[in-house]
Amino acid sequence: FVSLNPGGTYIVVYDPLDGSQNVPVGVSVGAIFGIFKAKTLKDIVSGDDLVASAYALFSAPLLFCFGDRKSSVSFFQYSFGNKLWEAIIQDHKIPEKGKTYCINEGNCGNWDRLI
């Protein structure tokens, strides 16, 4: 944990997607981010403390997805020609019924009953 602002009210967590060893073979890499309303790590009790999250993919297109509690999820792509971020999907929502959207939930029938 690195405290950049001891009086701050938010904690940002970060995790790389895949490793840098994938760059030479052309596999996409990226990062996921979470923003918690908390002053210390001990203040984070559950996922309900998460106020925003995002992920970025650093590949042929540079992609960024962001969502928070007050707005819908949006996907952006960086246009190197225009040097601007352009919204490619706005107001993205999970359908009430449809195909499996999460491999973990899709495999829940294989989980131990206690889970």
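That block above? That's the structure.
Quick look at the structure, then. (Residues numbered from 1 in each chain as written. Predicted model: local features only at pLDDT ≥ 70, side-chain atom pairs only at ≥ 80, totals over all residues. Heavy atoms only, no water.)

**Structural notes on the layout of surface pockets**
Item 1. Considering only enclosed or pocket space, the largest pocket measures out at about 260 Å³ in volume.
Item 2. Lining the largest pocket we find 13 residues, and of these Ser53, Tyr55, Cys65, Gly67 and Val73 sit closest to its centre.
Item 3. Among the secondary structure elements, those contributing two or more residues to the lining of the largest pocket are strand 3 (50-58), strand 4 (62-68) and strand 5 (73-79).
Item 4. For the lining of the largest pocket, the element with the most residues is strand 4, which contributes 4 residues.
Item 5. Each residue belonging to the lining of the largest pocket can be placed in one class, and the counts come to 8 nonpolar, 3 polar and 2 charged.
Item 6. By volume, the second largest pocket is sized at about 210 Å³.
Item 7. Looking at the second largest pocket, it is lined by 13 residues, and the ones nearest its centre are Phe1, Val2, Leu4, Tyr10 and Ile11.
Item 8. Residue composition of the lining of the second largest pocket, grouped by class: 8 nonpolar, 4 polar and 1 charged. (1 Å grid on protein atoms, 1.4 Å probe; cavity = no way out; pocket = protein on both sides within 12 Å on 5 of 7 lines; lining within 4 Å. Points joined across faces, edges and corners; volume = space filled by probe spheres on them. Helix = DSSP H or I, 4+ residues; strand = E, 2+ residues; numbered from the N terminus. Nonpolar A, V, L, I, M, F, W, Y, C, P; charged D, E, K, R; others polar.)

**Digging into the pairing of strand 2 (residues 29-37)**
Moving residue by residue along a regular strand, the side chains alternate between the two faces of the sheet.
Item 1. Taken together, the 8 bridges between strand 1 (residues 10-17) and strand 2 define a ladder with antiparallel strand orientation. Paired with isoleucine 11 across the two strands is phenylalanine 36, which belongs to strand 2.
Item 2. With 8 bridges joining them, strand 2 and strand 3 adopt antiparallel strand pairing. Considered in strand 3, the bridge of alanine 31 is made with alanine 56. (Pairing = 2+ DSSP bridges.)

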